[in-house]
Amino acid sequence: MTRLKGYGGKVLRVDLTHRTYRAEELDPSLAKAFIGGRGLNAYRLYWEVPPGVDPLGPENKLMIATGPLVGFPHGLGSRLNVTSRSPLTGLLGDSNAGTHFSEEMKFAGYDQIIIEGRSERPVYLYITESGVEFMDAEGLWGFTVSQTHEAIRHELGDQRVQVGAVGPAAENLVKFAGVFFNVYRAAGRTGMGTVLASKNVKAIAVRGDGYIEAENVDELIKVIDEMLRRIYENPQYWPRRIMGTSRVLMAGQRLGFLPGRHFQDPVVDYAYDVSGERLAREYNVKVRACSAGCALPCARFFMIKRGPLAGLMGEGPEYEPLGGFTVRVGNRDLDRALKIILKVADYGMDAITTSEVIAWLMELRQRGEITDEEAGVKLEWGNPDTIEELVDMIAYRRGIGKVLAEGVKRASEMLNRGKDIAFHVKGLEMIQADPRALKGYGLGFAVASRGADHLRSEPFVEVEDDPELGKKMFGEPEAAMRLGVKGKGKLINYFEDLNAIVDSFESCKNTAENMLILDFDMAARAYTAITGIHVTESEMREAGMRIVNIERAYLVREGVRRSHDRLPKRFLEEPLRSGPAKGHVIELDVMLDEYYDVRGWTRDGVPRRSTLLRLGLKEVAMDLEARGIKLED
Amino acid sequence: MESKGIHVVVDPSKCVGCNICELWCSYEHEGVFSRSLSRISVITYERLGFDYPVVCQQCEPAPCVELCPTGALSKGKLGEVNLDKGKCIGCRVCSEVCPYGAARMEPREARYPLICDLCGGEPMCVARCPTNALSLSKVTNVKVKPRNAAEAFAISELRKLADEWGVDVDEA
Ligand code: SF4
Ligand code: SF4
Ligand code: SF4
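Residues numbered from 1 in each chain as written. Chains lettered and ligands numbered in written order. Predicted model: local features only at pLDDT ≥ 70, side-chain atom pairs only at ≥ 80, totals over all residues. Heavy atoms only, no water.

**A few points about the domain arrangement of chain A**
All names here are of chain A.
Item 1. Here the domain parsing of chain A yields domain 1 (10–206), domain 2 (235–429) and domain 3 (438–516 + 536–627).
Item 2. For domain 1 versus domain 2, the distance between C-alpha centres works out to 26 Å.
Item 3. Between domain 1 and domain 2, the contact holds 34 residues from the first and 38 residues from the second.
Item 4. Summed over both partners, the interface of domain 1 with domain 2 buries about 2,700 Å², with 55% contributed by carbon and sulfur atoms.
Item 5. Of all residues in domain 1, Phe176, Tyr184 and Arg189 bury the most surface against domain 2, accounting for 28% of the area lost on that side.
Item 6. Summed over the shared surface of domain 1 and domain 2, the result is 4 salt bridges.
Item 7. Of all the elements in the fold, those that place two or more residues in the side of domain 1 that touches domain 2 are helix H3 (100–107), helix H4 (145–156) and helix H5 (168–171).
Item 8. Looking at the side of domain 1 that touches domain 2 residue by residue, the classes come out as 13 nonpolar, 16 polar and 5 charged. (Domains from an automatic or database assignment. Contact = heavy atoms within 4.5 Å. Buried area = accessible area lost by both parts, 1.4 Å probe. Salt bridge = Lys/Arg side-chain N within 4 Å of Asp/Glu carboxyl O. Helix = DSSP H or I, 4+ residues; strand = E, 2+ residues; numbered from the N terminus. Nonpolar A, V, L, I, M, F, W, Y, C, P; charged D, E, K, R; others polar.)

The structure is reproduced here in structure tokens:
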């Protein structure tokens, strides 16, 4: 097999139990069908991690994959997906990060790294073109994320070594610990760091001196220049460059979707005080790109310049941690929020889940279902000392932290309290947006293959509130109106397919998807130019559907059906109390029916046999049927 | 070893660490995309939010050119360092004497050094940097006449910034 142009060409399998590894050739037909990154990982997860596997046992596998655009100077950033069976949800775990690790592993020749087994002692892996070294990490155990980065670069004597590390939270088996790259860039969701730590791996370091080529480089440069032009002409260019995702906080205030005090207040009276606008004016000192090939650098570097925390600095924050440690927990103190955000990242925890378990506990207290004595802290909305203390307690599993470290679903089961306000879907906690004010997003949370999360669909066009656009794109005016219901199934189908492609190219959603730079047509042209394999626009869309469907098949095999595609009761039954979307609930069932119909799934959420066959997933259909899951035609 | 000729100047406050300069430099000279085959290399310190692309300063006289035992390195019309790959024996002297660490050996077989040749006067890295962190300076020499102490102070303070643009500011 010749190396497919634009790919590293190899899949690296590391067996921790036996301390061996081998590099396999990447099968070009697989690369065409699943593109790379998230798609390749979903394929492996389906076939290599069958039902019943303990997420924290040695039979679970963890995959890291990069995509075909990574390593070219395209302007869309370079990312990777970390995929495994999730210890948080027990289902599909998958998280994406923008990091230099991604291009470095490709230059080392690997499109995918598969980590299997369990090491007897703590190790970190040092991966280069010549293979894998199992490095002793006994002395690193207990280190935070940033300490681990520094120690490894010091030991290897190379500042360009890219590191993905876990912090103490993962070591303590907090179920929502992430893998942290470039110190600040998190593959935060679904507990991928916990899986790595359970295998006794403290970090993965990679360094690559290789290169990549394109089959038709002149055409690729044309595509790149067109994408760059689209980026620079886009009106979002400057706001994004100045504020990155932190700009969403004020948008949330304007549209009334903030998660104030655990989704009780969709607008708050202190939004500006904790906003991206304020960060830009008073805190940000520099702009950074999270990864190679980014022409819209949006990772800000901040410094607190006044007050007791003066001198504290770091990268970010993104909207999710920002919203999580301010409005979701009712905290108006931006300086303290920044300190907490850095701490959560240095412990190596998912900021979204951490903010949910804390907010959930505070609402329990508000309802009088827990006392301060029982919790061991003074539970008071917005108290930064409480929040910080709870973060410490979770990371080190102290006191009530032991319960919260299990995630909100299990915590509510363990305490047998507050199940109705445990805001998760399929075990993954909801992000910082109230779906009653963003109905397409709400549908997206309900059906997303990894649980309540916007990044599978990110249907940003509904925020435009432009009926003409909705008609043009989906034949339904309401599709592009955030409080509309009709057409949302089509909307989510389209953007789920697109994001599957963006995630598999491993490009950045801020540019590629949110600014519609890498649409199906552009993706097809880029893929053809890079690999020389001719792919059309509709084949590209089909690849997106294939990825969505194999992920769904994984869930269906685990027993997931329509009854799991649910949002928590508050969003379905309690009308929003204030803000522009006051009075709204989310009409989930109508939207679900439309979504399934367009997907070619039954109304129970199971892919039809004909759908799977049309997408070339015949083996998957056979596997499901062999396991007694009846497929309809 | 001060730079007196044209060279690529860096404004570190603008560099975001996107490696785009490296990837294009590698393509321009080697026909493939790589970080390691670039003549410019970005050093990153995440905890300071800091990125700095290290590149040849086109010293005059240049220690690498002076000390190269085979005459493989020479100065071109723009004052740029040119490499004659045929004459290079991969002895590493240039890379060892470069005061800026800007002359790395080609990483795979270390057959020759990667030294910036200014792309013949039209630097790819400068053209492609998305944040204008790079520019190509002639050493422009500006003469100014401060009229009072305040102006003299302002000029002396601004000299550093001007220097980053490759501009020499002299008092007339
Ligand atoms: S292209 Fe410009 S911003 Fe990017 S790393 Fe190079 S000098 Fe810095
Ligand atoms: S390679 Fe180094 S020594 Fe030679 S001219 Fe460039 S900066 Fe000076
Ligand atoms: S001027 Fe040309 S050779 Fe020099 S660093 Fe830039 S791209 Fe490379």
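**Let's talk about the interface of chain A and chain B**
Item 1. The interface of chain A with chain B comprises 43 residues on the first partner and 31 residues on the second.
Item 2. Both faces considered, chain A and chain B share a buried interface measuring about 3,000 Å² in area, 54% of it formed by carbon and sulfur atoms.
Item 3. Interface area lost by chain A to chain B is led by Pro73, Lys286 and Arg288 of chain A, which between them contribute 19%.
Item 4. Applying the counting criterion to the chain A and chain B interface returns 8 salt bridges.
Item 5. Glu103 of chain A serves as the salt-bridge partner of Arg35 of chain B, at 3.8 Å between the closest nitrogen and oxygen.
Item 6. Applying the counting rule to chain A against chain B returns 18 residue pairs in polar contact (both at pLDDT 80 or more).
Item 7. Mapped by element, the contributors of at least two residues to the side of chain A that touches chain B are H3, H4, helix H7 (217–233), helix H8 (237–243) and strand E13 (284–288) of chain A.
Item 8. Per-element accounting of the side of chain A that touches chain B gives the leading share, 5 residues, to H7 of chain A.
Item 9. In terms of residue class, the side of chain A that touches chain B is built from 20 nonpolar, 10 polar and 13 charged. (Polar contact = N/O pair within 3.5 Å; in protein donor to acceptor, adjacent residues only side chain to side chain.)

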